[in-house]
Amino acid sequence: MILHLDADAFFASVEQAADTRLRGKAIAVGGMRRGVVASASYEARKYGIRAAMPTVQARKLCPELIVVPGDFEKYELFSRMMFSYAYDFTPMVEVGSIDEGYADLSGIRGKSPMDAAERIRRAVRETLRITLSEGVATNKLVSQVASKLRKPDALILVEPGREREFLAPLDAAWLPGVGPKMVKTLQQAGLRRIHQIAAIAPQDLALFAGNGARVLWEMAHGIDARPVVPEPPAAKSYGEQETFDSDQADEDFVLAKLRCMADHLMRKVRVDRKAIRTIEVRIRYNDFDECRRSESLSEPTNLEVEIYPSLMRLLKKAWERRVSLRLVSVKLSGIYDAVFQCGLGLLDAGVDTAQHRELAQAVDRVRERYGEDAILRGHDLFLQHRNTSPEKPRKPVRYSSRITKK
């Protein structure tokens, strides 16, 4: 049996757990930098406040709303502690995101899966002062739906053999991968409920779902063969590296390479509908000695332009020897669901984050259709020119934290 555990209103619940003055009150996390709600307490949700809602709109719905800035270091700590209780019962734990994941309870001894699930819920509630909603079923799909069906603080068991019966009356939108566009298409075809999708032949379903018809049909029947893949949270990352044809000492060239890597990685982040918070730069000198430096953003992002400054700082911190480089790499970790997709502009900074996001998505679409070279950034052009007209590499500058007074 597989357990899906899903923390209820995670960011907001953590803030209420950490500050007793916030308990029982309508609070929203976020809104300080991007002007958008990242998480709303259940007290705030009674007013219609939801994640990704502009804070201005949220305040109109609830004038007494308390807006708390996000503390992602604290959320990551609570997340690790939350999953530690699942590890008490099984090593087969898959962390999907900071606030939800799976645990394979098939091999536990001395306790039933439901008993283990209840013990995890109780331990989290008593020690962390937050609540979990959990689903227990024979596969990941059904357990995930079960955990989300009656939030908050719910535990639902779907007995083996009753997967299709459990899913049958639910809207098609409950199936993973069925977004608003697909929901509209299915509704127009008269396939509003999951049991209606299950009743149609896969070849006929392909008229509406294309190549994904077979998987959609199997999900509608409660079939899901995906295993729980155990891995520590830190292993979830996006990474890319490049070994140079010849040792490099040109800082501009290396930085341009890092930015190109970041462009590629952030495109993958957006495709996965995720956001990242931690950036790591690793360098390898020509004598094979290595150095790596990392830093975390104040908020998760899925925009490459927001990590360019970090790349420059990290490269300077890592490149501390007057030695040319053989390899550079970028790793993006601290994975979040993309909770800031609908932000307002950065009023104080004069930067419109929503426009940056729309631009990034437009560039993604153009490159997907016409190729990577259809749209180029400044560092792409720099590298193209460098490859056609190589210049004599400059010696790396040794960076120091000391400030020279003039």
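Small disclaimer: the values here were computed from a predicted structure and weren't measured. (Residues numbered from 1 in each chain as written. Predicted model: local features only at pLDDT ≥ 70, side-chain atom pairs only at ≥ 80, totals over all residues. Heavy atoms only, no water.)

### Considering the overall build of the chain
Then, in step 1: When you go through the chain residue by residue, the secondary structure sums to 15 helices and 13 strands.
Then, in step 2: Burial statistics for the chain: of 406 residues in total, 48% are counted as buried.
Then, in step 3: Pairs at least 24 residues apart make up 65% of the contacts formed inside the chain by residues separated by at least 6 positions.
Then, in step 4: Surface exposure of the chain reaches about 20700 Å², of which carbon and sulfur atoms provide 51%. (Helix = DSSP H or I, 4+ residues; strand = E, 2+ residues; numbered from the N terminus. Buried < 20%, exposed > 50% of the residue type's maximum accessible area, 1.4 Å probe, protein only. Contact = heavy atoms within 4.5 Å. Areas by Shrake-Rupley, 256 points an atom, 1.4 Å probe, with all protein chains shown as cover.)

### Points about the sheet that holds strand 5 (residues 93-97)
Then, in step 1: Strand order in the open sheet made by the five strands is 5-6-1-7-8, with mixed pairing throughout. Both outer strands of the open sheet, strand 5 and strand 8 (155-157), are each paired with one neighbouring strand and no more. If you compare each strand with its neighbour and ignore which way they point, the axes differ by 15° on average.
Then, in step 2: Where strand 7 (residues 132-137) and strand 8 come together, three bridges link them in parallel fashion. Paired with Val136 across the two strands is Leu157, which belongs to strand 8. (Pairing = 2+ DSSP bridges. Axes fitted to C-alpha atoms, helices over the stretch in contact; angles between N-to-C directions.)

### What to know about the pairing of strand 2 (residues 27-30)
Then, in step 1: By the bridge criterion, three bridges tie strand 2 to strand 4 (residues 66-68) in an arrangement that is parallel. When the sheet's bridge partners are listed, Ala28 is paired in strand 4 with Val67.
Then, in step 2: As paired strands, strand 2 and strand 3 (residues 37-40) are joined by three bridges and run antiparallel to one another. Each residue of the ladder has a partner; that of Gly30, found in strand 3, is Val37.

### Focus on helix 10 (residues 202-209)
Then, in step 1: Buried residues of helix 10: Pro202, Leu205 and Ala209, and no others. All buried residues of helix 10 lie within an arc of 55° about the axis, which places them on one face of the element. Of the exposed residues in helix 10, the ones pointing more than 90 degrees away from its buried face are Gln203 and Leu207.
Then, in step 2: Elements in contact with the buried residues of helix 10: helix 8 (180-188), helix 9 (194-199) and helix 11 (213-220).
Then, in step 3: The positive-phi residue at the C-terminal boundary of helix 10 is Gly210, with phi of around 60°. (Arc of directions from axis to C-beta.)

### Re the sheet that holds strand 2
Then, in step 1: One open sheet holds the three strands; their spatial order is 3-2-4, and the pairing between them is mixed. The open sheet has two edge strands, strand 3 and strand 4, and neither has a second partner. Here the average twist between neighbouring strands, direction ignored, is 30°.
Then, in step 2: The strands touched by helix 1 (residues 10-18) are strand 2, strand 3 and strand 4; relative to strand 2, the strand with the most contacts, the crossing angle is about 110°.

### Topic: the packing of aromatic side chains
Then, in step 1: Going through the model one piece at a time under the given rule, you end up with eight aromatic pairs.
Then, in step 2: For the ring pair Phe244 and Phe253, a centre distance of 5.7 Å and an interplane angle of 55° mean the geometry is tilted. In this pair, the class of Phe244 matches that of Phe253, namely buried.
Then, in step 3: Each member of the aromatic cluster is reached from another via a ring pair, and the members are Phe10, Phe11, Phe72, Tyr75 and Tyr336.
Then, in step 4: For the cation-ring pair, Arg259 lies above Tyr308, with the distance from its terminal atom to the ring centre recorded as 4.8 Å. (Phe/Tyr/Trp six-rings, centres within 6.5 Å; stacked < 30°, edge-to-face > 60°. Lys NZ or Arg CZ within 6 Å of the ring centre and 35° of its normal.)

### Notes on unusual backbone geometry
Then, in step 1: Here the amide bond leading from Lys151 into Pro152 is cis, since omega sits at 0°, within 30 degrees of zero.
Then, in step 2: By the secondary structure assignment, Pro152 is in the loop between helix 6 (140-149) and strand 8.
Then, in step 3: Not every positive phi belongs to a glycine, and Ala52 is a case in point at roughly 75°.
Then, in step 4: A positive phi angle, close to 75°, is found at Phe288, a residue other than glycine.
Then, in step 5: Within the secondary structure, Phe288 sits in the loop between strand 10 (274-285) and strand 11 (290-301).
Then, in step 6: A residue is classified by how much of its surface remains accessible, and Phe288, at 51% relative accessible area, is exposed.

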